[in-house]
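Working through the structure, step by step
For reference, the chains in residue letters:
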Amino acid sequence: MVPTGCLSAVAGVVGFIALIISFVFGLVKASTPYKQALARAQADPLVISRLGTPIRGGFIVSGNIHRSGSTGRASLAIPLEGSRGNGTLYVEARQAGGTWTYSTLTLQPDASGERINLLKPTL
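The structure displayed is predicted, hence computed values, not measured ones.

Calculation notes
- Residues numbered from 1 in each chain as written.
- Predicted model: local features only at pLDDT ≥ 70, side-chain atom pairs only at ≥ 80, totals over all residues.
- Heavy atoms only, no water.
- Helix = DSSP H or I, 4+ residues; strand = E, 2+ residues; numbered from the N terminus.
- Buried < 20%, exposed > 50% of the residue type's maximum accessible area, 1.4 Å probe, protein only.
- Areas by Shrake-Rupley, 256 points an atom, 1.4 Å probe, with all protein chains shown as cover.
- Pairing = 2+ DSSP bridges.
- Polar contact = N/O pair within 3.5 Å; in protein donor to acceptor, adjacent residues only side chain to side chain.
- Contact = heavy atoms within 4.5 Å.

1. Some remarks on the overall build of the chain
Across its full length, the chain holds three helices and six strands. Counting from the amino terminus, helix and strand elements in the chain follow one another as α-α-α-β-β-β-β-β-β. Burial statistics for the chain: of 123 residues in total, 31% are counted as buried. In the form shown here, the chain has an accessible surface area of approximately 7600 Å², with 62% of it arising from carbon and sulfur atoms.

Structure representation (structure tokens):
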């Protein structure tokens, strides 16, 4: 009876921690900088040629988002997965007057060292 009770308690704690982690990642993925950056990567022809389609965001997003009223800043590293490869999308953005402006939106493919700047027009 005691081992079952201890195991249940440990499983409960682990489940609670997993729930909190999923909630936090869900908040980041629901943010405007995450959604806009992912949409931009999914629509970029060069990113599509490197990673393939469909392009999906990975589970573990690192970084932070701070908002205060209509201002804020975001610094994210978003793992991307495509049919041909994977990479990390780096995002730096500031919010002023409710509008997000990106200073960095760069994909680092896992397979090659060449970064893709999504802020520059593609030739």
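2. Considerations on unusual backbone geometry
Going from T53 to P54, the amide bond is cis rather than trans, its omega being -5 degrees. As for its position among the elements, P54 is in the loop between α3 (45–51) and β1 (56–57).

3. Some thoughts on the pairing of strand β4 (residues 86–96)
Pairing between strand β3 (residues 71–81) and β4: 10 bridges, direction antiparallel. Residue pairing for β4: A77 is matched across the bridge by Y90. The turn joining β3 and β4, which pair antiparallel and follow one another in sequence, is formed by four residues. Of the strand pairs in this sheet, β4 and strand β5 (residues 99–109) are connected by 10 bridges, and their pairing is antiparallel. By the bridge assignment for β5, A96 is matched with T99. Joining the antiparallel neighbours β4 and β5 is a turn of two residues, in which G97 adopts a positive phi near 60 degrees.

4. Structural notes on the side chain of Q95
With respect to the helices and strands, the residue Q95 is situated in strand β4. Among the residues examined, Q95 registers a relative accessible area of 6% and is labelled buried. A distance of 3.2 Å separates the side chain of Q95 from the side chain of R67, its partner in a polar contact. Among all residues touching Q95, those that are not within four sequence positions of it are R67, G69, S70, T71, G72 and W100.

5. Concerning the environment of T71
Here T71 shows up in strand β3. For T71, a relative accessible area of 40% translates into the label partly exposed. Beyond its immediate chain neighbours, meaning those up to four positions away, T71 contacts H66 and Q95.

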